[in-house]
Amino acid sequence: MHRRWWFMGMLRPAGPARPAWEPSREEQQRVLDEWRTARERLERLVSARVTAVGDVLRTAELPVGPEAAQSARPGGDADDYAWVLDAFQAAGKLLDEAADLPDLAAAAVLAERALVRFAALHARRAGQPAPRPPERCYYNPLHPAAESAGAPVRREHRRRARRRTGPREAAADRRPACASCRKAILAGQPPDVLPALVPVKVSRRRTARLLVPYYSVPQQWSLWSLSACGAYGDEWPALVLRGEHRRRAEAARGA
């Protein structure tokens, strides 16, 4: 999203960086202005994605037949369909209540995961192979699918060649990455990461708001730092519907 941030040199991968200097009021305002611009753009993008998923879910019908009757029992497709509805509802809730850019990204991820699972459910009920879910880019889950998705032969080749790879190749293989982010890492450049706005104590009396990679935000402040914005695991819709995203955002604001 913002590969050439002027403050990227301040960041460490392990967590939100503590700068050795105190940003001026002008620099702090620059960060906030960039965040607001990114939020407005992302909100439009995510709103369009969630709306498109909703249109599909409203108009599509599940096939009814022997396969459908077999799979509609509790614990089968009925649970999958309930998850689809919860995930889409959670996406709408995040879109309405987003406190930061990762919340918006998670809205898109959950909506698209709902659509993928609905397509798989539809295929199974029609007696067809279910489509394989795409693997998300870890650095920005809104990017195209990770380059390794659907390419087990390439992954096996990389495992066999691991001893012959250099540090950049090893870094590029460490996390799922889209083609663009992988290319940047191989070139020794930072990937195009999804940012998050976090409070960072810059002096004894002052806390500034800085943009950091979303995955470096402490877990107590964000649901999304370890889940690629809801890309992995099925617990996120339930947590969002219970308001856990708001609780953690409030903890960050009070820090």
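Let me begin by describing the structure that accompanies this report. For clarity, every value in this text was computed on a predicted model and none was experimentally measured.

Quick word on the overall build of the protein
Regarding its fold elements, the protein presents nine helices and two strands. Scanning the protein from its N terminus toward the C terminus, one meets helices and strands in the order α-α-α-α-α-α-α-β-β-α-α. Among the 255 residues that make up the protein, the fraction classed as buried is 46%. Looking at the protein as shown, the accessible area adds up to about 13800 Å², and 51% of this sits on carbon and sulfur atoms.

What about the packing of aromatic side chains?
This model, assessed by the stated rule, comprises seven aromatic pairs. Here tyrosine 139 and tyrosine 215 contribute two aromatic rings whose centre-to-centre distance is 6.1 Å and whose plane-to-plane angle is 80 degrees, an arrangement assigned as edge-to-face. Of this pair, tyrosine 139 sits in the loop between helix H4 (101-125) and helix H5 (152-160) while tyrosine 215 sits in the loop between strand S2 (207-213) and helix H8 (236-241), and the two are 76 residues apart along the sequence. Residue placement shows arginine 117 over the ring face of tryptophan 83; its charged tip is 4.1 Å from the ring centre. Note that arginine 175 overlies the ring of tyrosine 138, its terminal NZ or CZ placed 4.6 Å from the centroid.

As for the pattern of salt bridges
Scanning the model with the defined rule gives 15 salt bridges in all. Measuring nitrogen to oxygen at the nearest pair gives 3.3 Å for the salt bridge that ties glutamate 97 to lysine 93. With glutamate 97 and lysine 93 both in helix H3 (residues 77-97), this residue pair falls four residues apart, about one helical turn. Using a relative accessible area of 30% as the deciding quantity, one classes glutamate 97 as partly exposed. Aspartate 234 is the partner of arginine 113 in a salt bridge, and the nearest nitrogen-oxygen pair spans 2.9 Å. One end of the pair, arginine 113, is in helix H4; the other, aspartate 234, is in the loop between S2 and H8, and 121 residues separate them in sequence. Residue class for aspartate 234 comes out partly exposed when judged on its relative accessible area of 38%. Members of the salt-bridge network, linked through shared partners, are Asp77, Asp80, Arg113, Arg117, Arg124, Arg125 and Asp234.

A look at the pairing of strand S1 (residues 195-201)
Counting buried positions along S1 yields six of seven residues, so the element is predominantly enclosed. Pairing of S1 with S2, which is carried by seven bridges, proceeds in the antiparallel orientation. Across the sheet, the residue bridging to alanine 196 is valine 212, located in S2.

What counts as what
Residues numbered from 1 in each chain as written. Predicted model: local features only at pLDDT ≥ 70, side-chain atom pairs only at ≥ 80, totals over all residues. Heavy atoms only, no water. Helix = DSSP H or I, 4+ residues; strand = E, 2+ residues; numbered from the N terminus. Buried < 20%, exposed > 50% of the residue type's maximum accessible area, 1.4 Å probe, protein only. Areas by Shrake-Rupley, 256 points an atom, 1.4 Å probe, with all protein chains shown as cover. Phe/Tyr/Trp six-rings, centres within 6.5 Å; stacked < 30°, edge-to-face > 60°. Lys NZ or Arg CZ within 6 Å of the ring centre and 35° of its normal. Salt bridge = Lys/Arg side-chain N within 4 Å of Asp/Glu carboxyl O. Pairing = 2+ DSSP bridges.

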